[in-house]
Structures are given as C-alpha cells and as structure tokens.
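Remarks on the overall topology
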Amino acid sequence: MNFTEHRKTLKETVRIKGIGLHSGKEVNLIGHPAPVGTGIVFEYRKGEDKASIPVELSNVVDTSNATTLGDGLHRVQTVEHLMAAVFSVGITDMILEIDSVEVPIMDGSSLPFLEAFEETGYTEFEENIEPIYVKNPMWVVDGDKYLVILPSKEWKVTYTIDFPHPLLKGQNITVNLDRDILKKEILPARTFGFLKDVEALQARGLAMGGSLDNAIVLTQDGYLNESLRYENECVRHKILDLVGDLSIAGRPIIGHYLASKAGHALDVSMAKLVMSSETGNELGKYKSRRIPLFKRKAAVV
C-alpha cells in the first residue's frame, strides 16, 4: 500500500471552544489555513503575550500524563488528542491560534476536533508528504513497559494495557491504522482515569475541568459512567494517544507497532528514535518554512 499523500491545509478558518482539563477555564482555539511547508504551528496569543511553538519533536518538553510542547518560556499541553485528529485527516500545514496553555479537553476524545475539521474542508497542495517505512525492528523500553515497531507492509498496532483494575487487566486490541478506521474506531475513544487519582489531583488544584462529560472515570471495581462507546474504549484511547504523539514527527511512520503499558514518554521516544535513524539530508528536506501568525497582516483575532 502506498501511504504517500499530498500536503493539505484547512479550506477555511475553524473556531473551537472548550474548557481546559486542569484549569477548568474556557479555551479558544482557532485553526487557520497555512501555506504549503508551514507545518503545524501553535501561536499562543493572550493580550500582548505572544509565542510561536512549532509542533516538532524537539519542542516536546513534558510527557507526564499528557504531551506538552514548549519554547522555553511558553507551553501548550495536552496536544495529543488534537494532533491525532490532525493526522487522521491528513492536515500537514496549519496555524493553531490558542489563548491558553492547554488545548481544550472537549469530550475527552479526538472526535470534536475531527468533526470541526471535516465541516470546514481542506485544500490540497501539489507537494507530497513522504512517509517513513521502517526497515529494521526498533524498540524503546522502560521497565515492564515497551513499544516496538516492526517492518510491515501493513500499518497497524497491537496494544495491551494492564492496570490494577478488574476491567483493565490485559485489555488488548490489534487494529490497522487506516485513516477511515482511525476515524470510526479510535478517535471517538475517550481518555480515562481513576476516581481516587482525580480526587487527589483536584485537591492540588489540577484536573479542575475533569468530569464525566470528558472522561471515563473508574471506581474501585467498575465505571462511574453510565455507558462506554466501546467495550474496550480505554485501550483504544491509548492508540489514539500513540497516533497523536507519533504525528509530532511530521511524517507518517509505517510499520507494525507492538505496545504494552506504553504511554506518552515511550511514544515520543520512539518517534525520536525513528527520526534519528533518518539521514541529515532526509530531515533537512522536510524542514518547515514557517510564517508566525502575529507577523502576518492577515492575522485574525
């Protein structure tokens, strides 16, 4: 199967509004069409405070609980759900204007972002985005956690989670990373957490926007939610996170992924490992040509 595609941007500006998972405050996110070669770039704009943070592996500054991008002074956290949607629709060039340090949590999945993009539509460029085909097995390990990628003509993932909970012991799934399957079977899967952890976080002033409207909450032996979107929704969400994290590499990385109890840190480490195996010429070939939003006359506030 040929995974080469044309570069793509939004046809029109898209506006997304939601609350931040940790702050509980309203977040405005505006996606702007961008010229070919721009890449995906966050433009933080709050009053006179402005910053441009390209979505690149070198700008990942934290992977604890979520994936955070930063430039040394400013941060944008929980980018993985948004990036999974960006990747699944094939957007390669877009300016993401944001007025908060965190992407809105929406319903805890990538579905609201996907629906917003699909409603707006896309503009394709003549230039292609070339995927990376893994030629040799690669792996990253952290204790009993691991993420492996094997050469494969198919683009798929086999994922296993094993939490100390009766419903999450050995939950696993194998799925092809076809874009249509991603949209229907992975992007709607919501994030999840344990009630005891949520209470501890909120006591520290964190997760103030967390609720049953944007997460699956597990009690000691069950779910606090009335229903799930999938019987194995939690492991599907881990694949969503994996897709979003790997997309930060800027190019599809093709192979068969084997993951066990992995997470953001291993996802990003794998992406860095694969990209480091590429030659300097290859990396230079795909270096983005960016135009910061606040330097353009066409800036929309």
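What counts as what
Residues numbered from 1 in each chain as written. Predicted model: local features only at pLDDT ≥ 70, side-chain atom pairs only at ≥ 80, totals over all residues. Heavy atoms only, no water. UniProt positions renumbered as here; feature names shortened; annotations may be inferred. Core = buried A, V, L, I, M, F, W, Y, C linked by side-chain atoms within 4.5 Å. Buried < 20%, exposed > 50% of the residue type's maximum accessible area, 1.4 Å probe, protein only. Contact = heavy atoms within 4.5 Å. Domains from an automatic or database assignment. Buried area = accessible area lost by both parts, 1.4 Å probe. Salt bridge = Lys/Arg side-chain N within 4 Å of Asp/Glu carboxyl O. Helix = DSSP H or I, 4+ residues; strand = E, 2+ residues; numbered from the N terminus. 1 Å grid on protein atoms, 1.4 Å probe; cavity = no way out; pocket = protein on both sides within 12 Å on 5 of 7 lines; lining within 4 Å. Points joined across faces, edges and corners; volume = space filled by probe spheres on them. Nonpolar A, V, L, I, M, F, W, Y, C, P; charged D, E, K, R; others polar. Polar contact = N/O pair within 3.5 Å; in protein donor to acceptor, adjacent residues only side chain to side chain.

- Identification of the chain as UDP-3-O-acyl-N-acetylglucosamine deacetylase from Leptospira langatensis is taken from an unreviewed UniProt entry.
- We quote the UniProt Sequence similarities (unreviewed entry) comment for the chain here in full: "Belongs to the LpxC family."
- Looking at the chain in UniProt, the text filed under Pathway (unreviewed entry) is "Glycolipid biosynthesis; lipid IV(A) biosynthesis; lipid IV(A) from (3R)-3-hydroxytetradecanoyl-[acyl-carrier-protein] and UDP-N-acetyl-alpha-D-glucosamine: step 2/6."

Quick look at the nonpolar core
- Among the nonpolar cores identified, the biggest contains 74 residues, and Phe42, Phe117 and Tyr257 are the most heavily contacted of them.
- Setting aside residues no more than four positions away along its own chain, Phe42 makes contact with Leu29, Ala51, Ser52, Ile53, Val55, Leu69, Val76, Val79, Leu82, Leu96, Ile98 and Val103.

A look at the domain arrangement of the chain
- Partitioning the chain into structural domains gives domain 1 (5-129) and domain 2 (132-279).
- Taking only C-alpha atoms into account, the centre of domain 1 sits 19 Å from that of domain 2.
- In this assembly, 36 residues from domain 1 lie in contact with 37 residues from domain 2.
- Across the domain 1 to domain 2 interface the summed buried area is about 2800 Å²; carbon plus sulfur atoms make up 66%.
- The largest share of the area that domain 1 buries against domain 2 comes from Leu57, Phe87 and Ser88, three residues that together contribute 26% of it.
- Our count for the domain 1 to domain 2 interface comes out at three salt bridges.
- Across the pair Lys183 and Glu118 runs a salt bridge, and its minimum N-O distance is 3.5 Å.
- At the level of elements, helix H1 (80-88) and helix H2 (111-120) are the ones that each hand at least two residues to the side of domain 1 that touches domain 2.
- Top element by residues in the side of domain 1 that touches domain 2 is H1. It accounts for seven residues.

With respect to empty space enclosed by the protein
- Inspection of every chain in the model, using the stated rule, returns one cavity of 30 Å³ or more.
- Volume-wise, the largest cavity comes out at about 80 Å³.
- Around the largest cavity, the lining residues are Phe87, Trp155, Leu177, Val243, Leu246, Ser247, Arg251, Pro252, Ile253 and Tyr257.
- Taken together, the residues that form the lining of the largest cavity break down as eight nonpolar, one polar and one charged.

What to know about the UniProt feature "active site" (unreviewed entry) in the chain
- UniProt tags His264 as "active site" (unreviewed entry).
- Relative to the elements of secondary structure, His264 occurs in helix H6 (residues 264-276).
- A residue is classified by how much of its surface remains accessible, and His264, at 9% relative accessible area, is buried.
- In contact with His264, not counting residues within four places along its chain, are Thr63, Asn65, Ala66, Thr67, Glu80, Asp241 and Asp245.
- Looking at His264, its side chain comes within polar contact range of the side chain of Thr67, at 3.2 Å.

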